[in-house]
Amino acid sequence: MQLIALEAVRDGMTLGKTIWNDAGHPLLQQGVSLNERSIRRLEQLSVQYVYIDTALSKGIEVVETVPQVVRNQVVNEIKSSFDAVQKADRKKIAYVLEQKALALSKDLDALIAIIMESGEALMVLSDAFLYDEYIYQHSFQVTLYALAIAKHLKYSEKDLKTIGMGALLHDVGKISIPQEILQKPGRLTDQEYGQMKEHTKYGFELLRNLYTMPLLVAHCAFQHHERLDGSGYPRGLTEKDIHPFAKIIAVADVFDALSSTRVYRKKILPVECLKIMGEGEGTAFDATVLDALRKSVVHYPNGTILRLNDDARGIVVRQNPINPLRPVLRIFEQNNQILKATHELALIDQPTLEIVEIEADYVLNK
């Protein structure tokens, strides 16, 4: 399978990976021949990248770290929890959230087991799954990134559980924010942005009184928009006053926001997200946490076309478990000449070679 920008997809190309909706039903099945109508439909759904089957990518596997059935179960449980709390009588909100948190705790155990058993960098294919509500997908993916970071930093199982629950519920306060603000396609006014920032306080108040939940979970919701230099909200805390768990969720939260399609902004590929976040290393984001993220996620997904500084082009065949920045490539072009026979190249063994560009619109034999 080859990862390709939707704008480069042409009539007759074969979809390499099924695209699912939030109910776990396929919108477009793997193996279907794409046509102008289906391509236009994907554009309307704001899909930016798809996998297609090509001769060049034959044999390249793309497997998400978390199986689809687990993803669907957790996302639906998050949605059920938020919906139940939003609809609950004010006097019963704490009880309802307590019960829903217990259900989420079981799903979290499954996610932790998957992350701990995985020996490879975390891969999440957000464009392979389409959701009616961004907040549920976002909560799920922030949890995966936070757990991957915490694993790399060698946190205990108990701490992983607290960090994971803090990530799952970090945006629960958004149930109190009007939908017209949450879904606004353009820039928020100062007044609207002020309302949006209140979700951290709402989340803290919802979670702080849960008897079965560590108070740190509430602080994760309260502090995940704080920044080391004091530029965050709601309290403008600086590095020494922000809890380490909140620093982890802050990094996971921004990484997913950048790498996901939003109503007001297109997604960007993982390595580009990390470059942007690197500009805030040590000022907005904890350097140790950001480094752990770099070492824990796939930078160049399998099937991505890359151009190197020696004018070679290759497609990512598999990941390097030691350094996600140096994947194994199938070299197919040199100096703008298609090679008669491809060969594999492990970038970890070639220190002078650098990745110059991701070419998501490249299609061989267009």
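Note that the structure is a prediction, hence the values are computed from the model and not measured.

What counts and how
Residue indices begin from 1 for each chain and proceed along its sequence in written order. Residues qualify for local features only when their pLDDT is at least 70, as the model is predicted, and side-chain atom pairs are given and counted only at 80 or more; totals for whole chains, interfaces and linings, by contrast, use all residues. Computation of side-chain values covers all heavy atoms of the structure but excludes hydrogens and water. Classification of ring pairs rests on two measures: the distance between centres of Phe, Tyr or Trp rings, Trp counted by its six-membered ring, which must be within 6.5 Å, and the angle between planes, read as stacked under 30 degrees, edge-to-face over 60 and tilted in between. Secondary structure follows DSSP: runs of H or I at least 4 residues long count as helices, runs of E at least 2 residues long count as strands, and numbering of each begins at the N terminus. Classification of residues uses two cut-offs on accessible area relative to the type maximum, computed with a 1.4 Å probe and protein chains only: under 20% is buried, over 50% is exposed, and between them is partly exposed. Axes, fitted as lines to C-alpha atoms, cover a helix only where it is in contact. Angles between the N-to-C directions of the axes lie from 0 to 180 degrees. For classification purposes, an angle smaller than 35 degrees is called roughly parallel, one larger than 145 roughly antiparallel, one from 65 to 115 roughly perpendicular, and anything else oblique. In this scheme the crossing of two helices becomes right-handed for a clockwise turn of the near helix relative to the far one and left-handed for an anticlockwise turn of less than a right angle. The contact criterion used throughout is that any non-hydrogen atoms of two residues lie within 4.5 Å. Residue polarity is assigned by list, with Asp, Glu, Lys and Arg as charged and Ala, Val, Leu, Ile, Met, Phe, Trp, Tyr, Cys and Pro as nonpolar; anything else, Gly included, falls into the polar class. For our purposes a nonpolar core is just a set of buried Ala, Val, Leu, Ile, Met, Phe, Trp, Tyr and Cys residues, chained together by side-chain atoms within 4.5 Å. One speaks of a salt bridge when a side-chain nitrogen belonging to Lys or Arg is within 4 Å of a carboxyl oxygen belonging to Asp or Glu. Working definition: the arc comes from the directions between the helix axis and the C-beta atoms, pointing outward to the latter. Pairing between strands requires that DSSP locate at least two bridges from one strand to the other.

**Describing the packing of aromatic side chains**
Then, number 1: Scanning the entire structure with this criterion turns up six aromatic pairs.
Then, number 2: On the basis of an interplanar angle of 80 degrees and a centroid distance of 5.9 Å, the ring pair of Phe82 and Tyr136 is categorised as edge-to-face. With Phe82 in helix α2 (residues 68-87) and Tyr136 in helix α4 (residues 134-152), this pair connects stretches of sequence that are 54 residues apart. Of the two residues, Phe82 and Tyr136, both sit in the buried class.

**Quick word on the packing of α4 against helix α10 (residues 244-258)**
Then, number 1: Between α4 and α10, the shortest axis-to-axis distance is 8 Å and the interhelical angle comes to 130 degrees. Classified by the angle their axes make, α4 and α10 are oblique. In this structure, α4 meets α10 at a crossing whose hand is right-handed. Across the interface between the two elements, Tyr134, His138, Gln141, Val142, Tyr145, Ala146 and Ile149 from α4 touch Ile248, Ile249, Val251, Ala252, Asp253, Phe255, Asp256 and Ala257 from α10.
Then, number 2: Tallied by class, residues from the contact of α4 with α10 come to 11 nonpolar, two polar and two charged.

**So, the nonpolar core**
Then, number 1: With 65 residues, the main nonpolar core has Leu207 and Leu293 as its most contacted residues.
Then, number 2: Counting residues per element, this core draws most heavily on α4, at 11 residues.
Then, number 3: Counting residues in hydrophobic clusters, the runner-up holds 24 residues, among them Ala121, Met123, Leu269 and Leu308.

**Here we look at the pattern of salt bridges**
Then, number 1: Per the stated rule, a full pass over the model turns up 16 salt bridges.
Then, number 2: One salt bridge in this structure joins Lys79 and Asp83, with 3.0 Å as the shortest N-O distance. You can see Lys79 and its partner Asp83 sitting in helix α2, four residues apart, about one turn around the helix.
Then, number 3: Under the relative-accessibility criterion, Asp83 is labelled buried at 19%.
Then, number 4: Between Lys174 and Asp171 there is a salt bridge; the shortest N-O distance is 3.4 Å.
Then, number 5: Judged by its relative accessible area of 15%, Lys174 falls in the buried class.
Then, number 6: Taken together, the shared-partner salt bridges in this structure form one network comprising Arg307, Arg313, Glu333, Glu357 and Glu359.

**Quick notes on helix α8 (residues 199-207)**
Then, number 1: When we look at burial in α8, the residues that qualify are His199, Thr200, Gly203, Phe204, Leu206 and Leu207. End-on view of α8: buried residues confined to an arc of 165 degrees, all on one side of the axis.
Then, number 2: Buried residues along α8 sit against α2, α3 (93-117), α7 (190-197) and α9 (215-223).

**As for the pairing of strand β1 (residues 2-5)**
Then, number 1: On β1, burial covers both faces: Gln2 and Ile4 on one face and Leu3 and Ala5 on the other are all buried.
Then, number 2: Note: β1 against strand β5 (residues 49-53), four bridges, orientation antiparallel. Looking at the pairing, Gln2 lines up with Ile52 of β5.

**Brief notes about the packing of α4 against helix α5 (residues 157-168)**
Each pair of packed helices gets described by two things: the angle between the helix axes and the distance between those axes.
Then, number 1: Between α4 and α5, the shortest axis-to-axis distance is 8 Å and the interhelical angle comes to 155 degrees. What the angle tells us is that α4 and α5 run roughly antiparallel. For the pair α4 and α5, the crossing hand works out as right-handed. Only Leu160, Ile163, Gly164, Ala167 and Leu168 of α5 make contact with α4, whose side of the interface consists of Ser139, Val142, Thr143, Ala146, Leu147, Ala150 and Lys151.
Then, number 2: Within the contact of α4 with α5, the residues separate by chemical class into eight nonpolar, three polar and one charged.

**Comments concerning the sheet that holds strand β10 (residues 337-346)**
Then, number 1: One open sheet accounts for five strands, arranged β10-β9-β8-β7-β11; its pairing is antiparallel. Looking at the sheet topology across the chains shown, the edges are occupied by β10 and β11 (355-358). Averaged over all adjacent pairs, the angle separating strand axes in this sheet is 30 degrees, with direction ignored.
Then, number 2: Here strand β7 (residues 305-308) pairs with strand β8 (residues 312-318) via three bridges, running antiparallel. Its bridge partner being in β8, Ile305 is matched across the sheet by Ile315.

**With respect to the sheet that holds strand β2 (residues 14-15)**
Then, number 1: The strand order across the open sheet built from three strands is β1-β5-β2, with neighbouring strands paired in antiparallel fashion. With one partner strand each, in any of the chains shown, β1 and β2 form the two edges of the open sheet.

**Some details on the environment of Ile248**
Then, number 1: In this structure, Ile248 sits in helix α10.
Then, number 2: Given a relative accessible area of 0%, Ile248 falls into the buried group.
Then, number 3: Taking C-alpha positions, Ile248 is 16 Å from Tyr233, a pair spaced 15 residues apart along the chain.
Then, number 4: Not counting residues within four places of it along the chain, the set of residues in contact with Ile248 comprises Ala146, Ile149, Leu153, Tyr155, Ile163 and Val289.

In short, geometric facts, not functional conclusions.
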